[in-house]
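Tertiary structure, described
Now for the letters of each chain:
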Amino acid sequence: MSGIKLILGNSYVHVNGIITKDVLKHIKEVTSYRPEGYQFMQSYKSGRWDGVYHLQQSSYGEMKFPTGMIHDVVEVLKLKSVEYEIIDKRSRPSNETFNFEWNSSFRELRDYQKEAVEIAKKRTRGIIRLPTGSGKMLVAAKIIQELGRRATVFVVTSEALRDTYEEFCEAIKGAKIGKWGNKDKELGDIVVATIQSLYEKNRGGAKELFEHYKNSDVVIFDEVHTTGANEYYALSKLTNAFYKFGQSGTPFRGDGKDILLQAATSRIIYKKTTKELQDMGYLAQSKVLFFKSKMPSNQTDETLAQLTPHDKYRATVIENDHRNALIKEIFKKYANQPTLVIVKHEQHLKFLSDYLGIPLVYGKSSKGYRKAVQEQLRSGDTRGYRDWE
């Protein structure tokens, strides 16, 4: 078999040519996944569904799959000795460019950050994996500055929105930086927004943000592993941005949906581990301990499978008495050391605020208050503080 053409688009690759059943079977295998808890779903138990979600689509004799999966499909074609040709039909960046300048007095990039920027510009899409403290957003800012293109950067929390906006304003000169999230609704050449703000478009709001996002040449999703994978994948298809990047320290999920992160952008194109940056002297040495928590006594795997992700988190984390008691026990164990407790939801944040008796810092806290609490922590005037992701 020969003559397979892979027509590369911004969101999908269309396949032209005749594909045998064996090759198609292998392509389906690398472009599909089983979601967590599929075995408990009624459609699977009744035999109406095989428990697999397929990202590859076929209709009227034509086949397509997400652009981010092209490397996996090419590997299948090579394994099966299928001749192929990749034809790049992606919509190119607009002719509009900006003379963005880098504020060198703000911060100079480290060698690994420079390397990440160069690889990102060359590869045009993919996941940049850098650990906490490595300066991922500085990399994002430098990518956008050097490309000089209209851009949208999505973050997942209000605090990340504020910090990223401030960092971009200091780092990039000659650019109008917009901020969209909570009460802020300002557009610019570069817009930093919470990903939740774009969801509002589907409920009839944030039309201006959506238009900016749709017409951006560069899109960067921060902390891709924390965003709902289905939403992240769906949103990535709503823009024809030529440059699409995801950033994370741990781009892996526990629900079987890792493949959606790759489908939305591409594979990991750059990676540095915490250990590597520690050995290079950029990060402090650390020790990670894992503590096993018990399942709530009123829940089973089957009952949890029937819950929505939000309710499942509430049942197993927020309202899990054993888990909260374990947090308190660990907190007491390290009584002589400054401690930061990070949680995901406001309800849990407020509970632990009273339970542990330490100051609270979250998205609505003022910059001055946050700095004051952090200084108290450093000086030993307070045991610790709680932070909302």
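What counts and what doesn't
Residues numbered from 1 in each chain as written. Predicted model: local features only at pLDDT ≥ 70, side-chain atom pairs only at ≥ 80, totals over all residues. Heavy atoms only, no water. Helix = DSSP H or I, 4+ residues; strand = E, 2+ residues; numbered from the N terminus. Buried < 20%, exposed > 50% of the residue type's maximum accessible area, 1.4 Å probe, protein only. Pairing = 2+ DSSP bridges. Axes fitted to C-alpha atoms, helices over the stretch in contact; angles between N-to-C directions. Expected span 1.5 Å × (residues − 1). Arc of directions from axis to C-beta. Phe/Tyr/Trp six-rings, centres within 6.5 Å; stacked < 30°, edge-to-face > 60°. 1 Å grid on protein atoms, 1.4 Å probe; cavity = no way out; pocket = protein on both sides within 12 Å on 5 of 7 lines; lining within 4 Å. Points joined across faces, edges and corners; volume = space filled by probe spheres on them. Nonpolar A, V, L, I, M, F, W, Y, C, P; charged D, E, K, R; others polar. Salt bridge = Lys/Arg side-chain N within 4 Å of Asp/Glu carboxyl O. Core = buried A, V, L, I, M, F, W, Y, C linked by side-chain atoms within 4.5 Å. Contact = heavy atoms within 4.5 Å. Polar contact = N/O pair within 3.5 Å; in protein donor to acceptor, adjacent residues only side chain to side chain. Parallel < 35°, antiparallel > 145°, perpendicular 65-115°, else oblique. Left-handed = near helix turned anticlockwise from the far one by under 90°.

1. Re unusual backbone geometry
- Even without being a glycine, T124 presents a positive backbone phi close to 70 degrees.
- By secondary structure assignment, the location of T124 is in the loop between helix 4 (111–123) and strand 9 (125–129).
- We classify T124 as buried; its relative accessible area is 8%.
- Phi is positive for N182, which is not a glycine, with a value near 60 degrees.

2. A short note on the sheet that holds strand 7 (residues 84–88)
- Strand order in this open sheet of five strands is 5-6-2-1-7, and the pairing throughout is mixed. A strand with exactly one partner marks an edge of an open sheet, and here the two such strands are strand 5 (57–59) and strand 7. Ignoring which end each strand starts from, the neighbouring axes of this sheet average 25 degrees apart.
- By the bridge criterion, three bridges tie strand 5 to strand 6 (residues 62–66) in an arrangement that is antiparallel. Note that in strand 6 the partner of S58 across the bridge is M63.

3. Side note on helix 6 (residues 158–171)
- With 14 residues, helix 6 extends 20 Å from end C-alpha to end C-alpha; this agrees with the ideal 20 Å at 1.5 Å per step.
- Along helix 6, the residues classified as buried are E159, A160, L161, R162, T164, Y165, E167, F168 and A171.

4. A look at the sheet that holds strand 16 (residues 243–248)
- Spatially, eight strands are ordered 13-12-14-10-15-16-9-17 in an open sheet, and the strand pairing comes out mixed. Each edge of the open sheet carries a strand with a single partner, namely strand 13 (184–186) and strand 17 (268–271). The mean angle between the axes of side-by-side strands here comes to 20 degrees, regardless of whether they run parallel or antiparallel.
- Bridging between strand 9 and strand 16 involves five bridges; their strand directions are parallel. Residue R125 lies in a different strand from strand 16, and its bridge partner there is K244.

5. What to know about helix 16 (residues 367–379)
- Taking 1.5 Å per residue, 13 residues should reach 18 Å; helix 16 reaches 18 Å between its end C-alpha atoms and fits that length.
- Turning to helix 16, its buried residues number three or more, namely R370, V373 and L377. Angular distribution of buried residues about the axis of helix 16 spans 70 degrees; they occupy a single face of the element. Exposed residues on helix 16 whose side chains face more than 90 degrees from its buried face are G368, K371 and R378.

6. A word on the packing of aromatic side chains
- Evaluation of the coordinates by the stated rule reveals nine aromatic pairs.
- Between Y38 and Y44, the aromatic rings sit 5.0 Å apart at their centres with planes inclined by 80 degrees, giving edge-to-face as the arrangement.
- By relative accessible area, which is 29% here, Y44 ends up partly exposed.
- Taking 5.3 Å as the distance between ring centres and 75 degrees as the angle between the ring planes, the aromatic pair formed by F154 and Y213 counts as edge-to-face. One end of the pair, F154, is in strand 10 (residues 151–155); the other, Y213, is in helix 8 (residues 207–214), and 59 residues separate them in sequence.
- Here F154 falls in the buried class, since its relative accessible area comes to 2%.
- Given the relative accessible area of 0%, Y213 is considered buried.
- The structure contains a cluster of three or more aromatic residues connected by ring pairs, namely Y33, W49 and Y53.

7. Concerning the layout of surface pockets
- Computed from the structure, the second largest pocket encloses a volume of approximately 210 Å³.
- Along the walls of the second largest pocket sit L8, T67, I70, H71, V74, I86, R90, R123, T124, R125, S266 and I269, which together make up its complete lining.
- Of all the elements, helix 3 (residues 70–79) adds the most residues to the lining of the second largest pocket, at three residues.
- When grouped by side-chain class, the residues that make up the lining of the second largest pocket number five nonpolar, four polar and three charged.

8. Things to note about the pattern of salt bridges
- A complete count under the given rule lists 18 salt bridges for this structure.
- The shortest N-O distance in the salt bridge between D184 and K179 comes to 3.6 Å.
- Through salt bridges with shared partners, a single ionic network connects E118, K121, K142 and E146.

9. Observations concerning the nonpolar core
- Counting 43 residues, the largest nonpolar core has L6, F65, Y213 and F221 as the members making the most contacts within it.
- Residues in contact with F65, not counting those within four places in the same chain, are L6, S11, Y12, V13, V15, T31, L55, Q56, I70 and V73.
- The next biggest cluster of nonpolar side chains, apart from the first, holds 41 residues, and it includes Y112, M137, A160 and L283.

10. Here we look at the side chain of T124
- Looking at T124, its side chain comes within polar contact range of the side chain of R90, at 3.1 Å.
- In this structure T124 touches R90, F242, Y243, K244 and F245, once residues within four positions along its chain are discounted.

11. Looking at the packing of helix 14 (residues 321–333) against helix 15 (residues 346–356)
- The contact between helix 14 and helix 15 brings their axes to 11 Å, and the two run at 45 degrees. The angle between helix 14 and helix 15 places the two elements in the oblique class. Along this stretch, helix 14 crosses helix 15, giving a crossing that reads as right-handed. Contact residues: R323, N324, A325, I327, K328 and F331 in helix 14; H348, F351, L352, Y355 and L356 in helix 15.
- Across the contact of helix 14 with helix 15, the residue classes tally to seven nonpolar, two polar and two charged.

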